[in-house]
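# Summary of structural features
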Amino acid sequence: MSQNQPVSSTTAITDYELENGLQIVVIEDHRTPVATHMVWYKNGSADDPQGKSGIAHFLEHLMFKGTKTHPKGEFSNIVAELGGQENAFTSVDYTAYYQRIAKEHLGTMMSFEADRMINLILSEEDVNPEREVVLEERLMRTDSDPGAQLQESIAATLFTHHPYGTPIIGWEHEIRDLNREDALDYYTRFYTPENAILIVAGDVSPEDVKRLAQETYGKIPRHNLAPQRVRTLEPAPRTARRVSMTDEKVEQPVFQQAFLVPTYRIAKGNDAEALDVLCQLLGGSSVSRLYKTLVIEKEMATNVGCWYMSTALDQAQFMLYGVPREGITLEALEQASNAVISELASNLVPEAELERAKTRLMADVIYAQDNQTSLARIYGTTLATGSSIESVAQWPQMIEAVTSEDVRRVAAKYLNPQIAVTGHLLKAA
Amino acid sequence: MSSNFTPSSHADASVKPSNRVQSIVSAKGIEVWLVEDYTVPLLALEFSFQGGAAQDEPEKAGTSNLLSGLLDEGAGPYDSDAFQSRVEDLALDLSFNCGADFFGGTMRTLIKHRDAAFDMLRLALNEALINQNSIDRVKAQIISGLKHEEKDPNSMAAKAWRQISFQGHVYGRPVRGNYETVDTITREDILLFQSRIFARSNLKVAVVGAINASDLLRLIDTTFGNLAEKAQLINVPFIAPAGQGTTKIIPLDVPQSVIQFGSAGPLRNSPDFMSASVINHILGGGVFSARLFKEVREKRGLAYSVYSSLNCYRSAGVFVGATATKNERARESLDVIQEQIADLAQNGPTSEELINAKKYLTGSYALRFDTSSKIAGQLVQIQNEDLGIDYIDRRNSEVEAVTPEQAKNAAFELLGSGKLLVTVVGQPEGF
């Protein structure tokens, strides 16, 4: 891969900061006359005050309820009339709002989005039905799905002290008590220009974006201090923990194992890059170690895989999963999976296998350039979790530099079943 | 409405992609729609063969879907492992899919691996090994997926709705088959299906990316040119969805009821299709200003998700929507939905609703064309629906041309009976 051009060079990225502290990133893509406009706030569910779980997500819903200047529905109606699409999402570390729209309407979007950064108003008659909507969302996503309940429990068990153990949507009993004042307090604390990142991707020029941003977001005064994210840290795990969910709705059992791992912001050396390569080697394809061993060779599983939450502010999850074939117990699958990990922790992977995994990771960077919304998300996620714009450009070289020994080292260091949380999803007898 | 924006004219949003679509024909007579674009060093290809699960033998339901899982399990000189290793070495995205009416595939490659990528696709389509070992493995994966959904409320509601609506018709069968039919499918069944469906007469292809027409045509002929000339398709009879007026409750121990509702809709080639699309958008399209979103979610907090849509099969048209509400208020949710449907059917949309719907539908059309893969997908869909290469230019004028009278008639035609087929999964109260 070394003969490749650095992948970032084909996409023009410009960044600057307004006087009020708002960070701006412009990603040019002139192929189609549309633009993606996103505002990211550097706060997520892990910043919910104690006892107010779900407030970051609840506020995200309430941000659609109107402002002093633009009453409820006006923004959404205009987005729709202009042929735009809009939505918002909340993660553990950030909350983001976006519109995808014909490029000539970018200024209108900025004007409305800037307005709701500062002028939100909330009435009880808007807050109360929306709380019901969130409770329905929780019923839909989690409470009707045993698999989702197991996931929730695995996270709550892995993080004994850090807020990543609390679900983004919140615990049901705390959602029920969230009120208008909670939402406004949270809004005042976090929705400020110095806590926000504006990302515009698409058929736009950096000069136009800067001018429009100054006319809209630029009018918002500084709040002086950017809010601090002070979080309790997760202590080093020392025990193996097991959780299981048995339910009559489960027809297909599942095995999961979660490990506490560092992320790009906090990893020492190249541990995060090595974990990315390890994740690809272990479960990223049909030639990955888990797939080849458990699905093809041993015929114990119908599917296996893993994911690594590499972009997060604090230590996060590395999750491995397997779906057993008929007649295979979760215990047997778990044992076989442990053997695969142990092999990777003990011996170096052959060079060809390492190269194959890196090739895929670096190709995905080029594929991402085909999608302005994906690019906007990559930059938003990176910046909102404490990494820099330069780190996006450097990433392919950093991945390329990962060695077999790096992979072995992080496998041995972090994927230790003796300090992991193991989850079993089981059919009721 | 605010005055600080200019409504987009229908022309400006969609001019660009259409100007760039070329229809080119290979020496072996295969037509390809190409958008040449060198901005990003990649290429996206999408293809489809008419003839998906609706072409399965009834007692072998799931054959087409099973085949879609087997094409990359070894082909030509490569066994399964060697094939997959090569896919990874090339960082190739190659996948195959199967719906009711079409068997399709997508490929995305870095341009530096272009020829090798086409060769992998050629092998998969012409020389797939389909050995017994792979068949058993993919069957196990399909069964596992069926199990996973067996007690999933959304899947259960949708499955029941399809079964009642299309009773006795191939569209009533699950695309993936069921435990029994998947179990009985043999290698010979799969090969027979493949030989009937993989042909040039029912093939549609679109390519977007860094390639010129002559290079592409050469690669298209080596990839698809040796397929049989003519597909052997069985006729799929037209069917009008049945069961309107029926409410089927399926008990499941969940705190929230999933409600699926619907009735007949227009066929894609019906002259009423565009008017009906506008009506559906006003009722339950994907915007926060849709009636169902406002009435069910925003005003009453009854649900997180509520929508309606028009699904066009080749031989059936369907209007279908869904929501999920806590069991105690499931009846209320359905009542609100039915009130909105009745009101729209009787009174038609307001003139403001009609104007706004047209603005959204025309203005947002360009958003379907902002990545190479999405463009390729749109171009194959336009071919599958026989809309013509000028459709991208025509489409927004067709939306604009819907008159208030046509919209009112379409609302009555689509929703006027007020009778819906409703399937509910959960423990709903008030039914």
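Provided above is the structure to which this section pertains.
I will try to describe carefully the structure that is included in this document. Given the structure is predicted, the values throughout are model-derived calculations rather than measurements.

Attention now moves to the pairing of strand S11 (residues 421-427) of chain A. Residues and elements named next belong to chain A. Burial within S11 is extensive, with 5 of its 7 residues counted as buried. The pairing of strand S7 (residues 241-247) with S11 spans 7 bridges and is parallel. The residue bridging Arg242 from the neighbouring strand is Thr422, located in S11. Alignment of strand S8 (residues 254-261) against S11, held across 5 bridges, turns out to be antiparallel. Within the sheet, the bridge partner assigned to Gln257 lies in S11 and is Thr422.

Quick reminder: α-helices carry 3.6 residues per turn. Residues three or four places apart thus point the same way. Taking 1.5 Å of rise per residue, the 18 residues of helix H12 (residues 351-368) of chain A would be expected to cover 26 Å, and the 26 Å separating its terminal C-alpha atoms lies within 8% of that figure. With 14 of 18 residues buried, H12 of chain A lies mostly within the body of the structure.

Time to look at the interface of chain B and chain A. At the junction of the two partners, chain B supplies 74 residues and chain A supplies 69 residues. The contact between chain B and chain A buries some 6,300 Å² in all, and 53% of this surface belongs to carbon and sulfur atoms. Among the residues chain B hides against chain A, the three largest losses belong to Glu88, Phe288 and Tyr304 of chain B. Together they make up 11% of the total. Where chain B packs against chain A, one counts 10 salt bridges. Between Lys326 of chain B and Glu132 of chain A there is a salt bridge whose closest N-O contact spans 2.8 Å. Remark: the boundary between chain B and chain A carries 30 residue pairs in polar contact (both at pLDDT 80 or more). Broken down by secondary-structure element, the contributors of at least two residues to the side of chain B that touches chain A are helix H3 (80-89), strand S5 (102-110), helix H5 (132-150), helix H11 (291-299), strand S10 (317-326), helix H13 (351-363) and helix H14 (372-384) of chain B. Tallying contributions element by element places H5 of chain B first for the side of chain B that touches chain A, with 9 residues. Each residue belonging to the side of chain B that touches chain A can be placed in one class, and the counts come to 25 nonpolar, 23 polar and 26 charged.

Before going further, it helps to spend a moment on unusual backbone geometry. Here the phi dihedral of Glu299 of chain A falls at roughly 50°; this positive angle occurs in a residue that is not glycine. Secondary-structure assignment places Glu299 of chain A in the loop between helix H10 (289-297) and strand S9 (301-308). Unlike most non-glycine residues, Ala91 of chain B shows phi in positive territory, near 50°. Looking at the element boundaries, Ala91 of chain B is found in the loop between H3 and strand S4 (93-98).

Note: strands within a sheet are paired through backbone hydrogen bonds, in either parallel or antiparallel orientation. All names here are of chain A. Pairing is mixed in the open sheet, where 5 strands are placed in the order S7-S11-S8-S10-S9. This sheet does not close on itself; its edge strands, each paired only once, are S7 and S9. The mean inter-strand angle of the sheet, taken between neighbouring strand axes irrespective of direction, is 15°. Here S8 runs beside strand S10 (residues 316-324); their pairing, made up of 7 bridges, is antiparallel. Within S10, the residue paired with Gln257 across the bridge is Leu320. Packed on one face of the sheet, helix H5 (residues 146-158) meets S7, S8, S10 and S11 and runs near 160° to S7. The strands that helix H9 (residues 271-283) touches are S8, S9 and S10; relative to S9, the one it contacts most, it runs at about 170°.

Below, the discussion takes up the side chain of Ser288 of chain A. Residues and elements named next belong to chain A. By the secondary structure assignment, Ser288 is in the loop between H9 and H10. Classification of Ser288 by relative accessible area gives buried; the value is 1%. A polar contact of 3.3 Å, which involves the side chain of Ser288, links it to the backbone oxygen of Leu282. When near neighbours in sequence (up to four residues on either side) are disregarded, Ser288 contacts Gln280, Leu281, Leu282 and Gly283.

Residue and element names in this part refer to chain B. As paired strands, strand S1 (residues 21-25) and strand S2 (residues 31-36) are joined by 5 bridges and run antiparallel to one another. Residue pairing across strands places Gln22 opposite Leu34, the latter belonging to S2. The turn joining S1 and S2, which pair antiparallel and follow one another in sequence, is formed by 5 residues; a positive phi near 85° is taken by Gly29.

Attention now goes to empty space enclosed by the protein. Within the structure shown, the criterion is met by 3 cavities of 30 Å³ or more. The space that makes up the largest cavity amounts to roughly 100 Å³. Around the largest cavity sit 13 residues that line it, and Met63, Phe64, Gly66, His70 and Phe75 of chain A are the ones nearest its centre. Residues belonging to the lining of the largest cavity are distributed by class as follows: 5 nonpolar, 5 polar and 3 charged. Volume-wise, the second largest cavity comes out at about 90 Å³. Together, Gln280, Leu281, Ser285, Val287, Ser288, Glu353, Arg356, Ala357 and Arg360 of chain A together with Glu88 of chain B line the second largest cavity.

About the criteria used
- Residues numbered from 1 in each chain as written.
- Chains lettered and ligands numbered in written order.
- Predicted model: local features only at pLDDT ≥ 70, side-chain atom pairs only at ≥ 80, totals over all residues.
- Heavy atoms only, no water.
- Buried < 20%, exposed > 50% of the residue type's maximum accessible area, 1.4 Å probe, protein only.
- Helix = DSSP H or I, 4+ residues; strand = E, 2+ residues; numbered from the N terminus.
- Pairing = 2+ DSSP bridges.
- Expected span 1.5 Å × (residues − 1).
- Contact = heavy atoms within 4.5 Å.
- Buried area = accessible area lost by both parts, 1.4 Å probe.
- Salt bridge = Lys/Arg side-chain N within 4 Å of Asp/Glu carboxyl O.
- Polar contact = N/O pair within 3.5 Å; in protein donor to acceptor, adjacent residues only side chain to side chain.
- Nonpolar A, V, L, I, M, F, W, Y, C, P; charged D, E, K, R; others polar.
- Axes fitted to C-alpha atoms, helices over the stretch in contact; angles between N-to-C directions.
- 1 Å grid on protein atoms, 1.4 Å probe; cavity = no way out; pocket = protein on both sides within 12 Å on 5 of 7 lines; lining within 4 Å.
- Points joined across faces, edges and corners; volume = space filled by probe spheres on them.

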